[in-house]
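One-letter residues, chain by chain:
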Amino acid sequence: PLHSMDFLKDAPLENETFGAEEFFSVEDIALVAQQQDQPPQQEQSQPQPQPQQEQPRRITLQPSLSPSPPSSSDTSIPLRHWIHNETTLAMRQQHDHHSAILSMQYKNQSLVRKTTVAYAIAELLQYWINHHDSNNASRSPPLALDLAATVVIDNFIVRVTASSCGSTTVEGVDMISPEISLRIILPFFLSDEFFNGNTANTTNPNSAVQQVEELGQFVEVEIQTKSSSAAACRQLGSSDDENTACHLFGVLLYELYSNKPPFSTCSDEGQQAQEETKNLSMDESDHTFTLMDESEHSLSKEEPVRKKTFTNLLSFRETGTTVVNNVNGSSQVVSRFRGEAVSRLKDLGFPASLSLLVENLLDCGWDHEFRPDDALCSLKVASTDLHLLLLDPDRFLFDRILNRGLGATITLDIKQNTLYGRDAERSLITDVFCRVSLTGESEALFIRGFSGSGKSKLVQSVVEYVDVAGGYITQKKFDQISQERPLSVVIAAFNDLCPLIRQKNSPQELDAIVANLMAVFGAYLSTLARLLPSVALLIPGLNAVSYGKGGGGVQNTEINSMSYGKGGGGVQNTEINPSSVYFILQLFTRVVSSKSHPIMLFLDDLHWADSASLDVLQYILSDIKGSSCIYIVGSYRSNEVLKDHAIFRLMNTLNTCNVRLSKVNLDGMEIEDVNHMISDALGIFPRICNPLSQLVLRKTKGNPLFVLECLRSLVDRDLLRYSFRERRWVWDTDTIGAEDIADNVCKLLSTKMIGLSENTQLALKIASCFGTTLNSTIVETLMLSSVKFSSFQKELEKAVDDGFMDKDEGLTYRFVHDKVREAAYGLIQEKERNQFHHIIGMHLYDTTQEQNLDSMIFFIADQINHGTIRDPQQRISIAELNHKAASKAMGNSNFAAAYFYSNASIKLLPKDHWKSHYDLSRNIFLVLGNAAYTDGNPKEATSALDEILSHGKSLKDKLDAYYLKIALLHARQEPKAAYATCLDVLQQLGETIPATVEPERFVKTVEKIQAKLNEMTDSDWMGMKTMDSPFHYSLMQFYNRVYYSSYFVSPQMSIWFACRLVELSLEHGFCKYSALGIMQYSMVLGGKLIHNVQAAYKVGKMALKLLDHFDASDLLPGVYLSYYGYIAVHIEPFQSCADMLKRGFEIGLSTGDTQTALLNGIHYIQKSLVSGVNLSVLKKECDYQMRLIDAHSLPLSKMYTSAWQETIAMLIAKEGSSNLTRSDDVSRVSEFSEALIFHGVLQNFWLGHYDRCLYYAEKSSASDIGQLKSIMIIFYGGLSCFHSSRKCSKKYMKLAKQAINVMREKGVESSWNYLNKIHLLEAEIFSATGRKDHAKVSFNAAISAARSSKFIHEQGLACELAALHCIKHGDNEDGSNLLEQALECYTKWGSQVKIDSITKQLEKIAAKAG
């Protein structure tokens, strides 16, 4: 019954009144939907259920669900009836609700529903005209008549479902002839409740405004058709056919929205138009158009349909008028009919976008010579326009002036957070983040592009996704101002992580993180808290001050000599330097980052970054331990960096370190993206904006910021304006093309700023002097400083309104882009800039003086330092200001800034400053020397310290400079010069130091000290008075330094210096240096001269307690090195000593004592190797330390670490050949020779070169069993005696007996470390002397003891040697089993050399057995 339109013959017209039984009311539809158990009662005009249909074709913008037939609960309504229902419903809703906002909401809802139907019809028509049976097309009626019968209101049916509020939801649209069905799909993540009217809030009209803005929906459709209808579908034969289809679609849309036909013969205007047409002149040569009536359906199928103007056909169908086109007359008719249709649609209150769309479609009905350029002659484009109206109706569908109210200001509606043309780049950023979170391996990504290319916005677009995925995302921006405060930006970024960590983790997860932080940093969390104050959010009660001693935050933790009385100006902090900052941040990153919570750090404008900041990024990313999970994204301006910029050096270093690196290059946008951006900003269809977009692209090269500023400039110059008459933006392309528009964004912005008031320009100038951000304290202070600045904040608010700045909740003002800041700064004449800065700084300084000075001191000093000061007294005042800034910068670990401010202070001092301002000069040069030293500038540091040493009035005033100079000499690997300087200072302090000391005198001094210590109880130790004499404190400092130097220059004197430190402590009280001195004395007790291990161990324990008592984290690495490297190793398990040495290594790096840290690291590797730690793990540790050594240029540490690298590499896979084994005279390598001998013994023993091993063991002076390396040389040498080619030698048997005696002696002190070694040597002796059964028992005991002590490598060794013993006595089965056990142990140890060796022995046994 639906295959024809017969059932609509009696359908009421738009001007008729429907009876209750003639159309489906909303109530009827709702009633039908409620009758679940009974079939719905349908009117005659309602379509019947359709037969089974073939698999439908879907037209979607994205993949959608599998097609399904229309739901049985849908109600089908003829389109004409549905239009009337919509009109009635809208009128009723507006009548029931008197709120203007709600009325607008209901009207907009109706518009969206109608547009949904329009989009569905456009998709149906596209399907119809693109699918046909070409073989049957010739038997179809003429195409023009087919179009006329198809593209009409009465050929469509709307399928709806009712809602509880009385409105309907459009479920689909059906074409009657040919029979095609379309189903409308909303993706699963969208709700249709709003479109049903369910969310209307009648009590809160403001909520309706928000809902109006959320009307957009992403519509998808699927189309179904019967196979029998395919033959009725046809393809357009020519462009005129598609023009006709588009024109008819325009007519249909007009009726759909207005419920009226576009050309009414009842109107006076229509009659007048027809009369004008009749009076047109006739010309035989013109194309004559004859009206077609119903009889024309009988035209011959072979007769071609003449090209006719269908507008005329439809307009004058009822009059039978023949129209002849005349150039003048016909253009008047075209204009008349266009105005008639469009003006009537606008007059009815419909949006301009719909009016324009319908107008463009209707224009397709005119001949080509009269057709307007913007005629829309493509159903596909029309469908795209309709979909855009649905996708963002608030921007494209609804009239802005009507939706926002009369009198509203219409501005460019820019999508601030939308990226255009950056999909591929955005995907790359998210892909890298996903890879980091999956692999746990850190990566870096660099974004290059011109300013304004959207680098920052690109990263901002993925922030939400990273946040949802569990990532910690923190971001900071470098600028020219930040260059003066190196590391400040990076440190601030990491400080911002702490609130995120607290926010994103459950209480249980947070407890685990805090526990890990405590385990890694321990009692020295103060160092972390000083660097990252926000860590107190994770650990309640923790703050930097609570760990200090003076209550003022950062302490003088290194020097507190007599020159540091009540204020001083010297060294504020040498506990943290750039190296320690790097390591602290690396440790922190290891703890808080993970696969589930990776860190994404975005640093914008890297071209302004200081070298120290780039170094710390490299340090963290190239963490060789691989335990950090961080993703660093950096952006920089490609046109502002040269080839030798530090950014490229960073990239090369990361590549060398095998850090995965990605790069993104942001060029200008393509025309499609520019057009999309402008279309969004104007709310106009992209096809309409394209000519304007072409012009803008040509002038801006597609730079996003430039495009937007170009648009704003066009608006400011009235070349682009909102027409209230047209209700849309309008422009003249020719006029814009002829205009001279600035060729860069800064010029555009500057031109716009010049148009502002003088006060607003002044506010922008001032703000630009402080970088991209201006805090509220500066604003408030400036307003108080002068009447001239009293309206400063008011003018800043105007700048915010004008779009130049943003303001956050904390009243912090920011430039919306750094180019805006540059343009504002450009308003200041270049020759006046320095003085402008200076004036602002002086206003701030005069207003603050001591109030708020601390919080603003950097800003004030930075501004003042731009200018020139001539007044002598003022110069001294500003010099003091810069000195305070330098001291604060030192306290904040900002050493480069301290160096900068100290130099600024010196420049302001008069020539005779050492006479006229002695104290100030001394303090300034001392901070300068300290800042230069910690910042890695030794020449500047030496120069500054020499100034003090040259002009100091007394030794007291010079002590600080001497101490720093000695530290500097140590850092420069000049121990002899450091030793000589220490001796000189100590002698000036009145100390008498002997040139040499006889061993007997040492022994007597030690006995005297030990007698006093033996009388002291633990409570006596802790109850000792604290040293309160600055003089004696200075002595302790310099004795500590000279002890360290003597270790390399005069080792025999180190015992005397250690004893002197203890004597001073016992006589004058304890200080933190007492802990180090007593620990050094304990080494004397445990050394070769005294060798009282138990006494050394006891004294060392007391030194550790003193260290904790004085909270001397800066001395911890040295104390740990002495205790766990040389003393505790005789008593405590090797493994625990290794763990504490690793801690000393990490704390040393975190406190900046890199040299001592690396010595801890070397001992950690030694203790780990003798503990049987996996060799691959140790190799990584060696590589890590070697990179640190190379970075700090420490040749001595490099010698020791290189030896360990070589030994471990050979034990793993016998890589290369040993340099040690080829060296015939290692004794000439001075103090390093013993270490080389140890490595020669170690390598050759495990490689099975026993004769070579004994060669090195014999060269060792291993009589000092106070050192672990000597003990291990004796052990390996003893074992080699039994497997050497000269094993029967009496000399070697003597060495073997010596070895077992030493092991037994050490076993008394630590059975954990030496019991397995004792059993193994005994087993070898039993085996060599033929006591087979005794040997077997001892071998088993050795295996068991090694397993118990977790020495996996020595367990494997015992199994291997036991196997050889069994095989020697013909027990191949037990030998084979033991070799299998050895193979398992060596596999766990990670020694491929031993694995290969055991495998060959097993193969040999198997071959014999076979």
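Each remark here, short or long, concerns the structure printed above.
Residues numbered from 1 in each chain as written. Predicted model: local features only at pLDDT ≥ 70, side-chain atom pairs only at ≥ 80, totals over all residues. Heavy atoms only, no water.

Colleague: Kindly report on the overall build of the protein chain, identifying the contributing residues and their values.
Modeller: When its secondary structure is counted, the protein chain shows 60 helices and 18 strands. Here the protein chain, with 1410 residues, has 57% of them falling under the buried criterion. Carbon and sulfur atoms provide 50% of the accessible area of the protein chain, an area that totals close to 59600 Å². (Helix = DSSP H or I, 4+ residues; strand = E, 2+ residues; numbered from the N terminus. Buried < 20%, exposed > 50% of the residue type's maximum accessible area, 1.4 Å probe, protein only. Areas by Shrake-Rupley, 256 points an atom, 1.4 Å probe, with all protein chains shown as cover.)

Colleague: I'd like a rundown of empty space enclosed by the protein, residues and numbers included.
Modeller: Within this structure, the stated rule accounts for 16 cavities of 30 Å³ or more. Taken as a whole, the largest cavity spans an internal volume of roughly 150 Å³. Among the elements of the structure, α10 (352-362), α12 (393-396) and β15 (728-731) are those that each provide at least two residues to the lining of the largest cavity. By residue class, the composition of the lining of the largest cavity is 10 nonpolar, 2 polar and 5 charged. (1 Å grid on protein atoms, 1.4 Å probe; cavity = no way out; pocket = protein on both sides within 12 Å on 5 of 7 lines; lining within 4 Å. Points joined across faces, edges and corners; volume = space filled by probe spheres on them. Nonpolar A, V, L, I, M, F, W, Y, C, P; charged D, E, K, R; others polar.)

Colleague: Describe in detail the pairing of strand β12 (residues 630-637), supporting the description with residues and values.
Modeller: Judged by how many residues are buried, β12 sits mostly within the fold: 8 of 8 residues are covered. Side-chain alternation along β12 places Ile630, Ile632, Gly634 and Tyr636 on one buried face and Tyr631, Val633, Ser635 and Arg637 on a second face that is also buried. By the bridge criterion, 7 bridges tie strand β9 (residues 443-449) to β12 in an arrangement that is parallel. Counterpart to Leu445 in the pairing with β12 is Val633. Where strand β11 (residues 599-604) meets β12, 5 bridges bridge the pair, whose relative direction is parallel. Looking at the pairing, Phe602 lines up with Val633 of β12. (Pairing = 2+ DSSP bridges.)

Colleague: Account for the environment of Tyr472, with residues named and values stated.
Modeller: With respect to the helices and strands, the residue Tyr472 is situated in strand β10 (residues 472-477). Overall, Tyr472 belongs to the buried group, its relative accessible area being 0%. Not counting the four nearest positions on each side in its chain, Tyr472 is found in contact with Leu497, Leu500, Ile501, Lys504, Asn505, Ile513, Val592, His597, Pro598, Ile599 and Met600. In terms of polar contacts, Tyr472 uses its side chain to reach the side chain of Asn505, at 2.7 Å. (Contact = heavy atoms within 4.5 Å. Polar contact = N/O pair within 3.5 Å; in protein donor to acceptor, adjacent residues only side chain to side chain.)

Colleague: Account for the nonpolar core, with residues named and values stated.
Modeller: By size, the foremost hydrophobic cluster in this structure holds 314 residues, and its most contacted members are Leu79, Trp82, Phe249, Leu253, Leu682 and Phe1057. Here the element with the most residues in this core is helix α3 (residues 100-130); it accounts for 13 residues. Setting aside chain neighbours within four positions, we find Leu79 in contact with Val117, Ile121, Ile153, Phe156, Ile157, Val158 and Leu256. Listed in part, the 69 residues of the second largest apolar core include Leu531, Ile539, Val641 and Met651. (Core = buried A, V, L, I, M, F, W, Y, C linked by side-chain atoms within 4.5 Å.)

Colleague: Before we move on, could you go through the pattern of salt bridges and cite the residues and values that matter?
Modeller: What the rule picks out here adds up to 39 salt bridges. Residue Asp1183 pairs with Lys1179 through a salt bridge whose shortest N-O separation is 3.2 Å. With a gap of 4 residues between them, Asp1183 and Lys1179 both fall in helix α50 (residues 1175-1192), about one helical turn apart. Overall, Lys1179 belongs to the partly exposed group, its relative accessible area being 33%. (Salt bridge = Lys/Arg side-chain N within 4 Å of Asp/Glu carboxyl O.)

Colleague: Tell me about the sheet that holds strand β16 (residues 773-774), and name the residues and values.
Modeller: Strand order across the open sheet formed by 3 strands is β16-β18-β17, with antiparallel pairing between neighbours. The open sheet has two edge strands, β16 and β17 (805-807), and neither has a second partner. Here 2 bridges tie β16 to strand β18 (residues 813-815), and the two strands are oriented antiparallel to one another. Each bridged residue has a counterpart across the sheet, and for Leu774 the counterpart in β18 is Tyr813. With respect to the sheet, helix α30 (residues 792-801) is in contact with β16, β17 and β18, its orientation differing from that of β17 by roughly 110°. (Axes fitted to C-alpha atoms, helices over the stretch in contact; angles between N-to-C directions.)

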